[in-house]
Each structure stands twice: as structure tokens, then as C-alpha cells.
Amino acid sequence: MSSYQTIEFTDELLADGTVYRRYRDGRQEWRRRAGPYLVEWRDEHGLTGTDEQIGAAIIKRVYAGGKVRYGRDLGYGRTVWRQHPADPTDPPQAARPVLFLTVNRSAFGGRVGALLAEIGARALPGLLIAPPLIMTAVEEARLRRALEERLSRGDGGGGGDSIYAWEDDSPDLADDFG
């Protein structure tokens, strides 16, 4: 897939330990850490759910209604999401799945990611590796085990950012699962 839309966002750490995320397209989210691999979120439209890192580079977004979407962490504050325009919660687009690249402009890594996204869009369109469309429970469990094994060896969790970068006492908000 060579066509994708880049959506930049900034994160602001609030006094209560939550993060206020502002997307450049006007959307807003409030996020809070619910475990080492889990972030709970809600948006200005009343949608809620969780983002869970289930592998070194795979993020599983589960909406309160049960819908699941996957993202692929590219490091440096960049995440690729596959969206389905037939879904009423998605922006209207073409009738096929579309890739969205979210880029965190809040931290140094995110600013580097934004530069990488801009260079990549010009020089190497189509280089984004799409996240899975669907996964089985067995595939997800395998990714979770592999992530735990990597972390127990001290290998880190993702491409360029540690999965532990967004902690309540950390000023670096570069990686909080998408």
C-alpha cells in the first residue's frame, strides 16, 4: 500500500498524571496508563477503549464496543494504523482500507519521527509496513510471550523507543502506544 495520510499530534502531561493528546486534525484524547503494556483512552466524542502493546511493534486498540484495530509502532513516535472507512467511527475515505501514520510531535524522538515521515513520504512512498488486519488469540499470545522474553533479556520493546518511556514520573512522552 503506497497511499497513507499523516496525522500529527502533541501530548501534554496533566497534573493528575493523564495525558491530553491533541491531533492536528482537531481530534482530542485523554489517556492514562493502566499497566505496563496498557493505556486507557477516551475522546471528545465519548468513544473509549484501550491501547495495548502486544508485541515489540504491534499495538492492539480495542474500542469499548469490542471493535479491534491494530497498529504498527515504527519508532520515533510514529505508528501506522489501518482504518476501514466503512466503519462509522472512521473518517470518510475510499472504499478500501487506508493507512494512517500518526506522528508524535511532543518529544525529540517525535520531531525526528516527523522528519522521517516527511522524508519517507517524498523519497520512499509505500515503505510503510501495514499492521495486521486481524489476529487470532493464539497469534496475539505468541507476540505477548515474545515481548516478555525480549524485555526479560533487556532488549527493549520497540523500534527506537522503549515501551517504558511514558511513565507517570517521566517527562518523555514519546511512546505511549500510538
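Up top is the structure these notes are about.
Throughout what follows, the structure given in this document is the object of discussion. (Residues numbered from 1 in each chain as written. Predicted model: local features only at pLDDT ≥ 70, side-chain atom pairs only at ≥ 80, totals over all residues. Heavy atoms only, no water.)

## So, the overall build of the protein chain
Note the cut-off: Numbering goes from the N terminus for both helices and strands, where a helix is a DSSP run of H or I of at least four residues and a strand is a run of E of at least two. Contacts are assigned to residue pairs that have any heavy atoms within 4.5 Å of one another. For accessible areas, the Shrake-Rupley method is used with a probe of radius 1.4 Å. Any residue's cover is judged against the shown protein chains and nothing else.
Along the protein chain, the regular secondary structure elements total two helices and nine strands. For the protein chain, the N- to C-terminal ordering of α and β elements is β-β-β-β-β-β-β-β-β-α-α. Taking the contacts inside the protein chain whose residues are at least 6 apart along the sequence as the reference set, 45% of them involve residues at least 24 apart. Entry remark: accessible area of the protein chain is about 9100 Å², with carbon and sulfur atoms responsible for 56%.

## Thoughts on the sheet that holds strand β7 (residues 68-75)
Our working rule: One bridge is not enough; two strands pair if DSSP finds at least two bridges between them. Angles shown run from 0 to 180 degrees and are taken between the N-to-C directions of axes, each axis being a line fitted to C-alpha atoms and, for helices, limited to the stretch in contact.
An order of β1-β2-β3-β4-β5-β6-β7-β8-β9 is seen for the nine strands of this closed barrel, with the pairing classed as mixed. In this sheet, neighbouring strand axes are inclined to one another by 30 degrees on average, regardless of whether the strands run parallel or antiparallel. When strand β3 (residues 28-35) meets strand β4 (residues 38-43), the two strands line up antiparallel, connected through six bridges. The partner of arginine 32 across the bridge, within β4, is glutamate 40. Sheet contacts for helix α2 (residues 137-153): β5 (48-53), β6 (58-63) and β7; angle to β6, the most-contacted strand, approximately 130 degrees.

## Remarks on the side chain of glutamate 52
Rule in force here: Pairs of N or O atoms are called polar contacts if they sit within 3.5 Å, as long as, within protein, a hydrogen donor faces a hydrogen acceptor (for residues adjacent in sequence, only side-chain-to-side-chain pairs).
Relative to the assigned elements, glutamate 52 resides in strand β5. A distance of 2.9 Å separates the side chain of glutamate 52 from the side chain of arginine 144, its partner in a polar contact. Among residues more than four places away in sequence, those in contact with glutamate 52 are Tyr37, Leu38, Ile58, Ile59, Lys60 and Arg144.

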